[in-house]
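As a plain string of letters, each chain reads:
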Amino acid sequence: MRHPLDRGQVTLPRPAPHPGAPGCCRSHRVLDCAQLVPTAQMGKLRREEEEHLAPGHTGRPHPLQNLLLLLWTLLNCGLGGNAQGPGEWTPWGSWSRCSSSCGRGLSVRSRQCIRFPREELCWGDTHEYRLCQLPECPPGAVPFRDLQCALYNGHPVLGTQKTYQWVPFYGAPNQCDLNCLAEGHDFYHSFGRVLDGTPCSPGTQGLCVAGRCLRAGCDGLLGSDAREDRCGRCGGANNSCLFVQRVFRDAGAFAGYWNVTLIPEGARHIRAAHRSRNHLALMGGDGRYVFNGNWAVSPPGTYEAAGTRVVYTRVTGSEETLRAAGPTSEDLLLQVLLQEPNPGVEFEFWLPRERYGPFQAQAQAQGWSLRQPQPREVDPQSPESPAAPTVIPPRTPGPTPDPCPPCPDTRGRAHRLLHYCGSDFVFRARVLGRVRQAQETRYEVRVQLIYKNRSPLRALEYVWAPSRCPCPPLALHRDYLLAARRLISPDGTQDWLLLPHAGYARPWSPAEDSRVRLAARRCPL
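Summarised in this report is the structure supplied together with it. (Residues numbered from 1 in each chain as written. Predicted model: local features only at pLDDT ≥ 70, side-chain atom pairs only at ≥ 80, totals over all residues. Heavy atoms only, no water.)

Considerations on the packing of helix 4 (residues 413-422) against helix 5 (residues 510-522)
Item 1. Running from amino to carboxyl end, helix 4 crosses helix 5 at an angle of 60°, the nearest separation of the two axes being 9 Å. What the angle tells us is that helix 4 and helix 5 run oblique. With respect to the hand of their crossing, helix 4 and helix 5 are arranged in right-handed fashion. Counted together, Arg413, Arg416, Leu417 and Tyr420 of helix 4 and Glu512, Arg515, Val516, Ala519, Ala520 and Arg522 of helix 5 form the full contact between these two elements. (Axes fitted to C-alpha atoms, helices over the stretch in contact; angles between N-to-C directions. Helix = DSSP H or I, 4+ residues; strand = E, 2+ residues; numbered from the N terminus. Parallel < 35°, antiparallel > 145°, perpendicular 65-115°, else oblique. Left-handed = near helix turned anticlockwise from the far one by under 90°. Contact = heavy atoms within 4.5 Å.)

A short note on the state of the cysteines
Item 1. One pass over the structure, following the stated rule, counts eight disulfides.
Item 2. The residue that forms a disulfide with cysteine 98 is cysteine 132, at a sulfur-sulfur distance of 2.0 Å. Across the S-S bond linking cysteine 98 and cysteine 132, the dihedral sits near 75°, which makes this disulfide right-handed. Taken as a pair, cysteine 98 in the loop between strand 2 (88-89) and strand 3 (104-110) and cysteine 132 in strand 5 (residues 127-133) lie far apart in primary sequence, 34 residues in all.
Item 3. With a relative accessible area of 26%, cysteine 98 lands in the partly exposed category.
Item 4. Between the sulfur atoms of cysteine 218 and its disulfide partner cysteine 234 the distance amounts to 1.9 Å. Its torsion about the S-S bond being 75°, the disulfide of cysteine 218 and cysteine 234 is classed as right-handed. Here cysteine 218 is found in the loop between strand 10 (212-214) and strand 11 (241-248), whereas its partner cysteine 234 is found in the loop between strand 10 and strand 11, with 16 residues between them in sequence.
Item 5. In this structure cysteine 218 comes out as partly exposed when scored by relative accessible area, which is 30%. (Disulfide = S-S within 2.5 Å. Buried < 20%, exposed > 50% of the residue type's maximum accessible area, 1.4 Å probe, protein only.)

A word on the sheet that holds strand 12 (residues 256-263)
Item 1. Reading across the sheet, the four strands line up as 12-19-14-15 and stay open at both edges, with antiparallel pairing between neighbours. Two strands bound the open sheet, and with one partner strand each, they are strand 12 and strand 15 (289-291). Averaged over all pairs of adjacent strands, the angle between strand axes in this sheet comes to 35°, irrespective of strand direction.
Item 2. Pairing between strand 14 (residues 279-283) and strand 15: two bridges, direction antiparallel. Pairing of leucine 282 across the sheet is with phenylalanine 291, part of strand 15. (Pairing = 2+ DSSP bridges.)

What about the pairing of strand 17 (residues 308-315)?
Item 1. In terms of strand pairing, strand 16 (residues 301-305) meets strand 17 through five bridges, oriented antiparallel. Across the sheet, threonine 302 pairs through a bridge with valine 311, a residue of strand 17.
Item 2. In terms of strand pairing, strand 17 meets strand 18 (residues 319-324) through six bridges, oriented antiparallel. Opposite threonine 313, over in strand 18, you have threonine 321 as the bridge partner.

Section: the side chain of arginine 268
Item 1. Along the polypeptide, arginine 268 turns up in strand 13 (residues 268-275).
Item 2. One buried charge, arginine 268, has no salt-bridge partner; the nearest side chain with opposite charge is glutamate 228, at 4.2 Å.
Item 3. One polar contact links the side chain of arginine 268 to the main-chain carbonyl oxygen of cysteine 231, over a distance of 3.3 Å.
Item 4. When near neighbours in sequence (up to four residues on either side) are disregarded, arginine 268 contacts Glu228, Arg230, Cys231, Gly232, Ala325, Gly326, Pro327, Phe349 and Trp350. (Lys, Arg positive; Asp, Glu negative; His and termini not counted. Salt bridge = Lys/Arg side-chain N within 4 Å of Asp/Glu carboxyl O. Polar contact = N/O pair within 3.5 Å; in protein donor to acceptor, adjacent residues only side chain to side chain.)

Geometric values such as these leave the question of function open.
As structure tokens, this is what we get:
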């Protein structure tokens, strides 16, 4: 059996009891219970105890000390004091310096167990190890395990005078033994345990401590079972955040980008998945796509966005997933690029409780509920049927207002690129109706193909031109490529698609389709 001192235990000798007096007290034994004087004799010591007084002691205890001693006796001796239990720990010592000068290492602190004879050992550990994270080691730094193996270079081993050059070997069963391979030979040798703080193996988070590979809990202690909950709290119970889990089922009446959900700042454990030929797309808070933007499919891989790593996978066939641990440092916008009817996009994330309300409000501020859906309206002042497209009444002979002035020339590559990059929406649409109201013109259009959108578009939309003579004018029942901007009223109750004066509105053709796709590649957003 190991000596108690080998385990940080300290055994104190029991004081000699008075003859015939049984020992009874469990902790802080200075006197046995039978040696204590009854109340009637307080202030006087028996003759046989006088020889135990320290030099200069008067032999007259202070009355307050006698009272405290009596209370201590009643509490410790009168309540089953003969029971033997574990010893008591000393306070923890201070933490040692980190075992490494760079990268990951450990520091240690210790304590001792104070116990009397026949007492049990203290419950718990004598040492505690904490992970310390220092700046990364410079390029070319020799790993800690390599240094330990190199200590045996040029020294005879295995009972011979032959020497070897040693390098780490990671194929042995115990990764916390110093297993070193002889260079140029097909054998390795174990030189005992590695030093505490040595990484268990390359690329892992565990560190070797006393021959065991230990990982740090979220509290930083090696070997700890403490784990972060889904809200990011160490040892929490998932009660400080909310779980958002939904399915985006909008079938989509046209191909293009559709907004699935806003992923707010602070979101954790983000996941999205679907099974179709459609593609997930992710947009950052600055309007730039992280992947699958501008009609270009990105390769699967890991992308950096909003302070976290986003893992985008695409399995052969029709399954895509997106995962991110979070927390996100800014808002992200999850979209789906529809190429076929949407069977459903599943998404989920955990959000702090205090951010759920702003998340809902911000989703509405994006215009998702203001313009979804947007059915065809009936103008009470217009005599035409709601099912029939609005037709401009024919001009009658007689006095007519001055004709609309000619529109400026807006042809050219520079004009196309300017409007594509500066617009919120670029899409192909067929003009179904037109109504002039005051100094504005409202077009009813059917969206057929989306090239760019910063919020969802419906199959039927209204596009407004700020003039009774819009430039360029749109003819009924024709297809156009339109670049529109989004305009929201100050009170947030109105949301319009605005076609600027002398903006981008070209009759659709395969050639114009190619030109606008080329502009999408050259546009910075």
